[in-house]
Amino acid sequence: EIQQSFTGNRWTIYPSQSSDNLSLYYNNSVVGNFDEVSGIYTPTSDERLKTNVNPMGGMLSKIMKLEPKVYEYKSDLKEKNKYFGFLAQDLIKILPEVVDVQQDDQNGKGIKDLHLVSYTEIIPVIVAAMQEQQATIISKTEELDALKQEVTELKAMIVKANESATNQSSNSQIFADIRSRCFVR
């Protein structure tokens, strides 16, 4: 158990009662589990723990503003690994909900206002953006299909007009139909 000396809030880790997972608690309420095999952390997401639940919209425009980077961490280690991610200072301008700023020097490195990114919280944003994008694709596909159908019908009218070139009054009506479909919108 770890207790915050100023607020009295407590963090506790217990083995799960139903598996060998480790359960993480904050003030006696479970906030997530660590998988016993992979160590993957899974936060709680139960709807009974949430309020003011609303659909996400307008995420595609936000995703388009993101600037993914490849980088190395400053370190004394000889081997420098490449990492993929975002710069928190850029991300906070677009998705402030996924950036946490530690106001004091909690990290022990003399860095105040240290910015942290919750990459897990970016996943629903990406899903919402993909749904918006897919809706646009479906709409454009339907529009394209309608235009293809119209072109097919116009081609058929032109063929019919060419086949009946001897009948002048019929041609006049066919070309009038073509003009009205092509030039009146």
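To start, this report covers the structure provided alongside it. (Residues numbered from 1 in each chain as written. Predicted model: local features only at pLDDT ≥ 70, side-chain atom pairs only at ≥ 80, totals over all residues. Heavy atoms only, no water.)

### A word on the overall build of the protein chain
Helices and strands together make up the secondary structure of the protein chain, namely four helices and nine strands. Counted from the first residue to the last, the protein chain has its helices and strands arranged as β-β-β-β-β-α-β-β-α-β-β-α-α. Considered along the principal axes of its C-alpha atoms, the protein chain spans approximately 100 × 45 × 30 Å. The burial tally for the protein chain puts 16% of its 185 residues in the buried class. Restricting to contacts in the protein chain with at least 6 residues of sequence separation, those with at least 24 account for 24%. Within the structure as shown, the protein chain displays about 14800 Å² of accessible surface, and the carbon and sulfur contribution to it stands at 56%. Side-chain charges in the protein chain split into 20 positive and 25 negative, and the spacing between the mean points of these groups amounts to 8 Å. (Helix = DSSP H or I, 4+ residues; strand = E, 2+ residues; numbered from the N terminus. Buried < 20%, exposed > 50% of the residue type's maximum accessible area, 1.4 Å probe, protein only. Contact = heavy atoms within 4.5 Å. Areas by Shrake-Rupley, 256 points an atom, 1.4 Å probe, with all protein chains shown as cover. Lys, Arg positive; Asp, Glu negative; His and termini not counted. Charge placed at Lys NZ, Arg CZ, Asp CG, Glu CD.)

### Topic: helix 3 (residues 122-163)
A rise of 1.5 Å per residue sets the reference length of helix 3, with its 42 residues, at 62 Å; its end C-alpha atoms lie 61 Å apart and thus fit the reference within 8%. For helix 3, the full list of buried residues reads Ile-122, Val-125, Ala-128, Ala-129, Glu-150, Leu-154, Met-157 and Ala-161. (Expected span 1.5 Å × (residues − 1).)

### A word on unusual backbone geometry
Positioned with a positive phi, Asn-27 is a non-glycine residue whose angle comes to about 50°. Among the secondary structure elements, Asn-27 is positioned in the loop between strand 3 (22-26) and strand 4 (29-34). Given the relative accessible area of 31%, Asn-27 is considered partly exposed. The phi dihedral of Asn-28 is positive, around 70°, even though this residue is not glycine. Here Asn-28 shows up in the loop between strand 3 and strand 4.

### Digging into the nonpolar core
If you look at the biggest cluster of nonpolar residues, it comprises 13 residues, and the most contacted ones within it are Leu-66, Leu-91, Leu-95 and Val-98. Mapped onto this core, the elements with two or more residues apiece are helix 2 (88-94) and helix 3. Apart from the residues lying within four places of it in its own chain, the contact partners of Leu-66 are Phe-86, Leu-91, Ile-94 and Leu-95. (Core = buried A, V, L, I, M, F, W, Y, C linked by side-chain atoms within 4.5 Å.)

### Some points on the side chain of Asn-21
Within the secondary structure, Asn-21 is located in the loop between strand 2 (10-15) and strand 3. At 3.1 Å, the side chain of Asn-21 forms a polar contact with the backbone nitrogen of Glu-36. Residues within four places of Asn-21 in sequence aside, it is in contact with Tyr-14, Pro-15, Ser-16, Asn-33, Phe-34, Asp-35 and Glu-36. (Polar contact = N/O pair within 3.5 Å; in protein donor to acceptor, adjacent residues only side chain to side chain.)

### Regarding the environment of Lys-112
Position of Lys-112 among the secondary structure elements: in the loop between strand 8 (99-102) and strand 9 (114-117). You can call Lys-112 exposed: its relative accessible area is 61%. Spatially, the C-alpha atom of Lys-112 lies 28 Å from that of Gly-32, the residues being 80 residues apart in sequence.

### Description of the sheet that holds strand 4
With antiparallel pairing, the five strands of this open sheet are ordered in space as 1-2-3-4-5. Looking at the sheet topology across the chains shown, the edges are occupied by strand 1 (2-3) and strand 5 (41-43). (Pairing = 2+ DSSP bridges.)

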